[in-house]
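# Structural overview for review
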Amino acid sequence: MMVGTAVAQPKGSVLVKNATVITIANGTLDNTDVLVQNGLITRIGQNLNAPRGVETIDGTGKYLLPGIIDAHSHLALTSINEASSPVTAEVRMRDVVDPNDIGLYRALAGGVTISHAMHGSANVIGGQGATLKHHYGEEASGLLMRDAPRTIKFALGENPTRVHGQGNGVHPRTRMGVEQVIREHFDAAKDYKHRRAATPTRVAKNERLEVMADILDGKILVHCHSYRSDEILMLMRVFNEYGIKNYTFQHANEAFKVAPELAKNGAHTSIFADWWAYKFEVYYSTSYNAAILNHYGVVNSINSDSDELIRHLNHEAAKTVKYGGVSELDALKMITINPAIQLGIDKRVGSIEVGKEADFALWSKHPLSIYAIAERTWVDGVTRFNLATDATDMRLNVSPVGTFEASIMSESGRHTDACMNDVLDFFTLETMDHNHE
Amino acid sequence: MVKGLFFCRLESVTTCFNFNVLKFIMKHLKTGTAMLVLFGLSTTVQAQAVPAQAFTRVTVHLADGSSIPNASIVWRNGVIEAVGARVTIPFDARVTDGGDSLHVYPGFIDGLATWGTPEIPRQMDRPERPAEPGYERAGIQPERAVQPLLKADAAEFNLARNNGFTLAAIAPQGFMLPGQISIFHVKGTETSTSLFRSNIGPKASLAGTRGAYPGTPMAVMSRYRQLMHDARTLQTVQATGAANAGRDAVLESLYPVASKTTPLYFIADDKESINRVLSLVDELGFNIVLVSGKQAHTLSTELARRKIPVLVSIDMPAKPDTASTDNQERLAWNTRQQAAWTAQVRNIRTLLDAGVRVGFSSNGLKPADIRKNLDVLISDGGLTEAEVIKLLSSETASILGIGTVAGDVRTGRLADLVVTTKAFPSKGSRIVYTVTAGTQTEIKSSPAGGSAGPRGRMP
């Protein structure tokens, strides 16, 4: 926890008048006003008046959409993969949040107000995720969504077997080995809990096994990188055996093959709209994945896994309408309330309802239109993006060294496999100027 | 410039070798004169066995910024005996006459140097088990002493002395916990054997090792957590007297950290890294001295509130170019880069204004580059000359826990002095002597101040 440097999450007030409000929860309301007071939506209706000192925004002809939520992101992190060990449950992405990442601002410009900052997929059990509210301009601690449920990254398939089995000569070398690593660590966590309960002064607190035990106790939501249907079925079997519920398969390109099984287990999916063929296990894919999962009642979200794609998740959601005929409402749910459910924050965000946190964006047209532009984005009622008035350069932290060109080059864009960032770096044994950094 | 008689006991002849006494004795041995002198001294001057040394007719600058014109300083046995305008020079003193033009300052202290220590290997080995590489490969060596690692012939020590440094806290180079810090008298090639204080605390950083756990700052943070849990548990078990408690030198070296009797000297520069360190402080309950802290100004209020001192780096970047451009985004960026440079150069000013205790650490900056950057602190950094001296002397001494014995030109303090031709570090001033624990060295070629622009490692 960033106790010492924690700052209160900012809250604002605003009245948006006469917009087309896509509530997600209660239909789309024409010519409607939304009043926000101290970060919360307090009234939705018509002819509302702004209390003294509260700014009024004219939403005539525009669309108010809940803030888009990206359930799979590596934005605003200074490191992504601790690729030295197949299990690194103890590491916390909240420790390495980079609040200065200009990508946060660009995401806001795409109406995205929350992202799930995840560990990469190098390890079978990676680090704990951080649910970030895009309070661009605040310190790292100000970005961490207060009281958001804890999450953790798991990863199946080629990535962990390639990094550890082939790269380091340790198990897992195969998909079977991946399963065993998971089982071994759950069993170790059970054993650890018993030993520590019996002799707490003799058994030191174990950062890694505490987290594993918390997963078993249902205190942490698992988000598992996966592609193939067989490994998806495998993990559901393992989780059923250990009594683990409320988990989400990330990527899940072959989830459509096992959609009924996913629905039966209450498992969620968070997928790309149409991104595949960047490695062998990702060839058997279809842009109808979302439609099929939706048809079977699986809570599915569309994610970015990319600092570039996160800027236009509305387009990605629109693809599900094109491929498979998903309804516009369901398509929008896949970037709002569904990812909120997967992150355990759906009671607070993901729709425009009285009592919910005021994360939303005002769009120039219907957000599923290719011509729609997010004109202004609020997080907890605070304007974090304003197309009309923001400065030319919104970078927060300009380095006193280096060139303009180099600074642009270093800003990340769409990678073929963002989940594997830092891994090559790990395999480099050359040292840098560590001592003097 | 040297005057006065040299007397010493026969047993101490070797210590007086530099004063040509031996030459004097040998010359007069046949005449019997020297025999008389030696015999007489051995019975009458025993209480002051080692001769005094002195500077006369100098301007003495104290660490608090005050100065004493036309003053003298007397030291003996490495300790200052008298300072002031009306000081009686002992009859046995070797005197250097300042001729009313030399300036004497407290010797400079480096709060954390890497001088004389082995570089990190350029290529690390691939460990058999990257996930559990063992303490050493993981960069976890808080028990490691720096003394056996120091290179006796390190040219940096001569350079450091030529640049006015008389004490240096030195620690091994490495990753998250590379070893203990010890303080040495900067005495050229004798530095490695001139230990002043040993093992004052572990050096720490968020730097991961290569090719093994922990390799990233997030894993390093987790490793700190685990180390503190393990240390506290082992200490508890050992305290019970259990026969099977076991021993662990790494964990045991962290007991004083866990009990807050010794701080971690934690290297961190950017705001986010410093915040990460502060979050560890809150979670794990240890004390720190922040080292380097190039962007510490961004958290000056917080550091002041927590009473965390900073041994600050003055490794500053060159002033950025302001090339004209029609690109509005670039123009805005240029302006902001200038502002970022100014903020970094004014780092110490901001910290001092917030009430943070600030000392100095080179932390990799070459001794030869220090002087030029000191000039920038005055020209662009908003510091006065007196503040620079205080930074380099009493404040660093105080933060290192040696403030009562070093870091000022006062009676009873270590005889660590810097003598310059003009008020330091103003333009054109040159160091002509350093005195390290009483040993006076004439500096033939020290850099003069006043050259343009800071010097540092380029990014």
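Higher on the page you've got the structure.
In this report, the structure presented in the accompanying data block is examined. Remember, it's a predicted structure, so these values are computed and weren't measured experimentally. (Residues numbered from 1 in each chain as written. Chains lettered and ligands numbered in written order. Predicted model: local features only at pLDDT ≥ 70, side-chain atom pairs only at ≥ 80, totals over all residues.)

Turning next to the overall build of chain A. Counting its regular elements, chain A contains 13 helices and 17 strands. Radius of gyration (C-alpha) of chain A: 22 Å, near the 22 Å computed for a compact globule of 437 residues. Along the first, second and third principal axes, the C-alpha set of chain A runs to 65 × 55 × 50 Å. Looking at chain A residue by residue over its 437 residues, the buried ones come to 55%. (Helix = DSSP H or I, 4+ residues; strand = E, 2+ residues; numbered from the N terminus. Rg over C-alpha atoms; globule rule 2.2 N^0.38 Å. Buried ≥ 20, exposed ≤ 12 C-beta atoms within 10 Å, placed from the backbone.)

Across the boundary between the two partners, chain A contributes 48 residues, which contact 58 residues of chain B. Partitioned by chemical class, the residues of the side of chain A that touches chain B number 17 nonpolar, 18 polar and 13 charged. (Contact = placed C-beta atoms within 7 Å. Nonpolar A, V, L, I, M, F, W, Y, C, P; charged D, E, K, R; others polar.)

This brings us to the nonpolar core. Grouped together as the largest cluster of nonpolar side chains are 233 residues, with contacts concentrated most on L64(A), I73(B) and L290(B). With 9 residues, helix 5 (residues 217–239) of chain B is the largest single contributor of residues to this core. Sequence-distant contacts of I73(B), that is, excluding residues within four places in its chain, are made with A54(B), F55(B), V60(B), I80(B), V83(B), V104(B) and V409(B). In terms of nonpolar packing, the next biggest core, distinct from the first, is built from 6 residues, A122(A), C419(A), M420(A) and V423(A) among them. (Core = buried A, V, L, I, M, F, W, Y, C linked by C-beta atoms within 7 Å.)

What follows concerns the pairing of strand 10 (residues 264–268) of chain B. All names here are of chain B. Counting buried residues along strand 10, 5 of its 5 residues qualify, which places the element largely inside the surrounding structure. Side chains of strand 10 alternate between two faces, with L264, F266 and A268 and Y265 and I267 buried alike. In this sheet, strand 10 lies alongside strand 9 (residues 195–205) in parallel orientation, the contact comprising 3 bridges. Each bridged residue has a counterpart across the sheet, and for K203 the counterpart in strand 10 is Y265. (Pairing = 2+ DSSP bridges.)

All names here are of chain A. An order of 6-7-9 is seen for the 3 strands of this open sheet, with the pairing classed as mixed. Strands at the two margins of the open sheet, each flanked by one partner only, are strand 6 (68–73) and strand 9 (130–133). Direction aside, the axes of adjacent strands within the sheet are offset by 20° on average. Direction of pairing for strand 6 relative to strand 7 (residues 112–117): parallel, over a ladder of 4 bridges. Looking across to strand 7, one finds that S73 is bridged to A117. (Axes fitted to C-alpha atoms, helices over the stretch in contact; angles between N-to-C directions.)

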